[in-house]
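What the coordinates show
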Amino acid sequence: MSFIDFARAHGVEIDPSKLYPSDKIKRCGTVNRPKSGNGAFFWDGQRGWVMDWSGDARTIWFEDPNAKPWTDEEKRSWAAKRASAASEQDRKYNQAALQADITLRSTKMDHHPYLEMKGFKD
């Protein structure tokens, strides 16, 4: 069974042109709602999983008997990549919060014609 057939059997509709090895989780449609983003999948070229958020939202791993199992080194490498990505995302969140704080501190309280027009004179 191919990964696309496996996904479809579990309610996830993957466009074949979007199935290529990657270290990122991708969103896709479901069998019931192909244009939605309720499906998600991960595919590294040998191993992968699918998830249907509109259903029970659980991860279902693809069990390909021809795929080699993850080595300890691959597991460590994958965990390090995920930790690095999470760290980078946290850094971006902190930068955005700092920028928002700078923007808000640079504003001044004043009357604005738009708010006055909407009935908020004070």
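The coordinates are above.
The structure contained in this document is the topic of the report that follows. Note that the coordinates shown come from a computational prediction; the quantities given were computed from them, not determined experimentally.

1. Side note on the environment of Asp122
Looking at the secondary structure, you find Asp122 in the segment after helix H3 (113-117). Sequence-wise, Asp122 and Asp5 are 117 residues apart; in three dimensions their C-alpha atoms are separated by 61 Å.

2. A short note on the nonpolar core
Core analysis: the biggest nonpolar cluster contains 11 residues, these being Phe3, Phe6, Ala7, Val12, Ile14, Cys28, Phe41, Trp43, Val50, Ile60 and Phe62. For this core, the secondary structure elements donating two or more residues are helix H1 (3-9) and strand S3 (39-43). Per-element tally for this core: the top contributor is H1, with 3 residues. Apart from the residues within four sequence positions on either side, Trp43 is in contact with Phe3, Leu19, Tyr20, Pro21, Ser22, Gly48 and Phe62.

3. Concerning the pattern of salt bridges
The full count for this structure, using the stated rule, is 8 salt bridges. Between Glu74 and Arg47 there is a salt bridge, with its nearest N and O atoms 3.6 Å apart. Residue Glu74 is found in helix H2 (residues 72-105), and its partner Arg47 is found in the loop between S3 and strand S4 (48-52); the two are separated by 27 residues along the sequence. Look at Glu74 and you get partly exposed, because its relative accessible area is 25%.

4. Details of the side chain of Arg47
On the basis of relative accessibility, which here comes to 10%, the residue Arg47 falls in the buried class. The residues touching Arg47, leaving out its near neighbours within four places in the chain, are Phe42, Lys68, Pro69, Trp70 and Glu74.

5. Some remarks on the layout of surface pockets
In this model, the largest pocket occupies a volume close to 310 Å³. Looking at side-chain class alone, the lining of the largest pocket contains 3 nonpolar, 1 polar and 6 charged residues. Considering only enclosed or pocket space, the second largest pocket measures out at about 160 Å³ in volume. Of the residues belonging to the lining of the second largest pocket, the class tally is 3 nonpolar, 2 polar and 5 charged.

6. A short note on the packing of aromatic side chains
Any pair of aromatic rings gets described here by the distance separating the centres and the angle formed by the planes. Considering all chains together, one arrives at 7 aromatic pairs under this definition. Aromatic side chains Phe3 and Trp43 sit 4.5 Å apart centroid to centroid with 25° between the ring planes, which places their arrangement in the stacked category. One end of the pair, Phe3, is in helix H1; the other, Trp43, is in strand S3, with 40 residues separating them in the sequence. Accessibility classification places Phe3 together with Trp43 in one group, the buried group.

7. Things to note about the sheet that holds strand S5 (residues 60-61)
Whether parallel or antiparallel, the strands of a sheet pair through hydrogen bonds between backbone atoms. With antiparallel pairing, 5 strands are arranged side by side in an open sheet as S1-S2-S3-S4-S5. Bordering the open sheet on either side are strand S1 (12-13) and S5, each of which pairs with just one other strand.

8. Topic: the pairing of strand S2 (residues 26-30)
Counting buried residues along S2, 4 of its 5 residues qualify, which places the element largely inside the surrounding structure. As judged from the 2 bridges shared by S1 and S2, these two strands associate in the antiparallel manner. Directly across from Glu13, in S2, lies its bridge partner Gly29. In this sheet, S3 lies alongside S2 in antiparallel orientation, the contact comprising 3 bridges. Counted as the bridge partner of Arg27 is Ala40 from S3.

Reading the values: the criteria
- Residues numbered from 1 in each chain as written.
- Predicted model: local features only at pLDDT ≥ 70, side-chain atom pairs only at ≥ 80, totals over all residues.
- Heavy atoms only, no water.
- Helix = DSSP H or I, 4+ residues; strand = E, 2+ residues; numbered from the N terminus.
- Core = buried A, V, L, I, M, F, W, Y, C linked by side-chain atoms within 4.5 Å.
- Buried < 20%, exposed > 50% of the residue type's maximum accessible area, 1.4 Å probe, protein only.
- Contact = heavy atoms within 4.5 Å.
- Salt bridge = Lys/Arg side-chain N within 4 Å of Asp/Glu carboxyl O.
- 1 Å grid on protein atoms, 1.4 Å probe; cavity = no way out; pocket = protein on both sides within 12 Å on 5 of 7 lines; lining within 4 Å.
- Points joined across faces, edges and corners; volume = space filled by probe spheres on them.
- Nonpolar A, V, L, I, M, F, W, Y, C, P; charged D, E, K, R; others polar.
- Phe/Tyr/Trp six-rings, centres within 6.5 Å; stacked < 30°, edge-to-face > 60°.
- Pairing = 2+ DSSP bridges.

Limitation: the analysis is restricted to geometry and does not speak to function.
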